[in-house]
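Topology and contacts: notes
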Amino acid sequence: GTSFAFWEWADPLAGKPVALEGDLTAQGMKFAIIVARWNSVITDRLLQGALDCLYRSGVRKDQVNILRVPGAWEIPSAARGVAETKLVDAVITLGCLIRGETAHYEAIYNEVARGIGQSQQDTGIPHTFGVLTTETLEQALDRAGLKAGNKGFEAASAAIEMVSLHRKVAANA
Ligand code: DLZ
């Protein structure tokens, strides 16, 4: 019989590919960075990484608001407060929880992650997650610019990409 290429319609990429993807240029975007002071040896480096990413992507200083909070626990309410103003396009969250030094580590971590996610969902503004959770200080240092990249840089890069994606979706709607 006649050949029937099932995959031509089963494979979404076989037809007209529809892919929207954010890019990494940040012209005209406004960001809030929430940074916890606890473990500031680490979080200062995360902040440096985030700012490095933003500035090298074309962001000017007047497009960035830095909010310092006491510890990771305080990040969700600060994130929500600034997101609800709708004056920023994305919220970048930076903190560091070290298990060995933190009583009720899981409870704190779960609530911080849940709260940041909840603020993102309720406001529709992208919130990126640069909260390190490690067993030791050494692991945290590795992820704050020593041996395993800089999670602050990654969180900033993801924020730019998501704002860009939202703009493309809106432009295509
Ligand atoms: C109390 C506390 C502890 C034990 N550990 C950390 C930590 O590892 N990282 C962090 O960001 N914050 C820690 N905190 C502080 C809490 O996040 C919070 O600031 C205080 O409990 C005051 O609400």
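Since the structure is predicted, the reported quantities are computational estimates derived from the model, not experimental observations. (Residues numbered from 1 in each chain as written. Predicted model: local features only at pLDDT ≥ 70, side-chain atom pairs only at ≥ 80, totals over all residues.)

Concerning the UniProt feature "binding site: (2S)-2-hydroxy-3-oxobutyl phosphate" (unreviewed entry) in the protein
Short version of the rule: UniProt positions are given in the numbering used here, feature names are shortened, and annotations may be inferred rather than shown by experiment. Secondary structure counts use DSSP, requiring at least four H or I residues in a row for a helix and at least two E residues in a row for a strand, with both numbered from the N terminus. Whether a residue is buried, exposed or partly exposed follows from its count of other C-beta atoms within 10 Å of its own C-beta, namely 20 or more, 12 or fewer, or something in between, respectively; the C-beta atoms are built from the backbone. Whether two residues are in contact is decided by their C-beta atoms, placed from the backbone, lying within 7 Å.
With numbering aligned to this structure, UniProt lists the feature "binding site: (2S)-2-hydroxy-3-oxobutyl phosphate" (unreviewed entry) at Glu101, Thr102 and Arg143. Looking at the element boundaries, Arg143 is found in the loop between α5 (137-142) and α6 (151-172). Among the residues examined, Arg143 registers 23 C-beta atoms within 10 Å and is labelled buried. With near-sequence residues (within four places) excluded, Arg143 lies in contact with Leu132, Ala148, Gly149 and Lys151.

Comments concerning the nonpolar core
Nonpolar side chains tend toward joint burial in soluble globular proteins. Our working rule: Only buried residues count toward a nonpolar core: Ala, Val, Leu, Ile, Met, Phe, Trp, Tyr and Cys, linked into one set through C-beta atoms within 7 Å.
Grouped together as the largest cluster of nonpolar side chains are 45 residues, with contacts concentrated most on Phe31, Ala50 and Leu94. Among the elements of the structure, β1 (31-36), α2 (40-56), β2 (64-69), α3 (75-84), β3 (90-98), α4 (105-123), β4 (127-134) and α6 are those that each provide at least two residues to this core. When near neighbours in sequence (up to four residues on either side) are disregarded, Phe31 contacts Leu54, Val59, Gln63, Val64, Val88, Asp89, Ala90, Ile92 and Ala159.

Side note on the confidence of the model for the protein
Fine structural detail should not be taken from predicted coordinates in areas where pLDDT scores are low. So the rule is basically this: pLDDT is a per-residue confidence score from the predictor, ranging from 0 to 100.
Per-residue confidence for the protein gives a mean pLDDT of 90; residues scoring 70 or more make up 88%. We note a pTM of 0.89 for the whole complex and an ipTM of 0.98 for its interfaces.

A look at the UniProt feature "active site" (unreviewed entry) in the protein
Here, UniProt's "active site" (unreviewed entry) annotation points to His104. Overall, the presence of 9 C-beta atoms within 10 Å leaves His104 in the exposed class.

With respect to the packing of α2 against α6
Using the following cut-off: The axes used here are C-alpha line fits, helices contributing only the stretch in contact, and every angle between their N-to-C directions lies in the interval 0 to 180 degrees. Geometric relationships in this document are graded by angle, where less than 35 degrees denotes roughly parallel, more than 145 denotes roughly antiparallel, 65 to 115 denotes roughly perpendicular, and other angles denote oblique. For any helix crossing, the convention is left-handed if the near helix is rotated counterclockwise from the far helix by under a right angle, and right-handed if that rotation is clockwise. Just so you know the grouping, Ala, Val, Leu, Ile, Met, Phe, Trp, Tyr, Cys and Pro go in nonpolar, Asp, Glu, Lys and Arg go in charged, and all remaining residues, Gly too, go in polar.
With their axes 6 Å apart at the nearest point, α2 and α6 run at an angle of 40 degrees to one another. Compared by their axis directions, α2 and α6 come out oblique. Both α2 and α6 take part in a crossing whose hand is right-handed. Of the residues in α6, those in contact with Leu46, Leu47, Gln48, Gly49, Ala50, Asp52, Cys53 and Leu54 of α2 are Lys151, Gly152, Phe153, Ala155, Ala156 and Ser157. Grouping the constituent residues of the contact of α2 with α6 by class yields eight nonpolar, four polar and two charged.

Observations concerning the environment of Gly58
Summarising the element assignment, Gly58 is placed in the loop between α2 and β2. Judged by the 14 C-beta atoms lying within 10 Å of it, Gly58 is partly exposed. The residues touching Gly58, leaving out its near neighbours within four places in the chain, are Thr25, Ala26 and Gln27.

A closer look at the pairing of β4
Using the following cut-off: Two strands pair under a simple rule: DSSP has to find at least two bridges between them.
With six of eight residues buried, β4 is to be regarded as a mostly interior element. In the sheet, β3 pairs with β4 via eight bridges, with the strands oriented parallel. Within the sheet, the bridge partner assigned to Leu97 lies in β4 and is Thr133.

Examining the packing of α3 against α4
Relative to each other, α3 and α4 sit at 10 degrees, their axes nearing to 8 Å. Overall, the two elements α3 and α4 adopt an arrangement that is roughly parallel. Judged by residue contacts, Ile75, Pro76, Ala79, Arg80, Ala83 and Glu84 of α3 engage Val112, Gly115, Ile116, Ser119 and Thr123 from α4. Among the residues forming the contact of α3 with α4, the class breakdown is six nonpolar, three polar and two charged.

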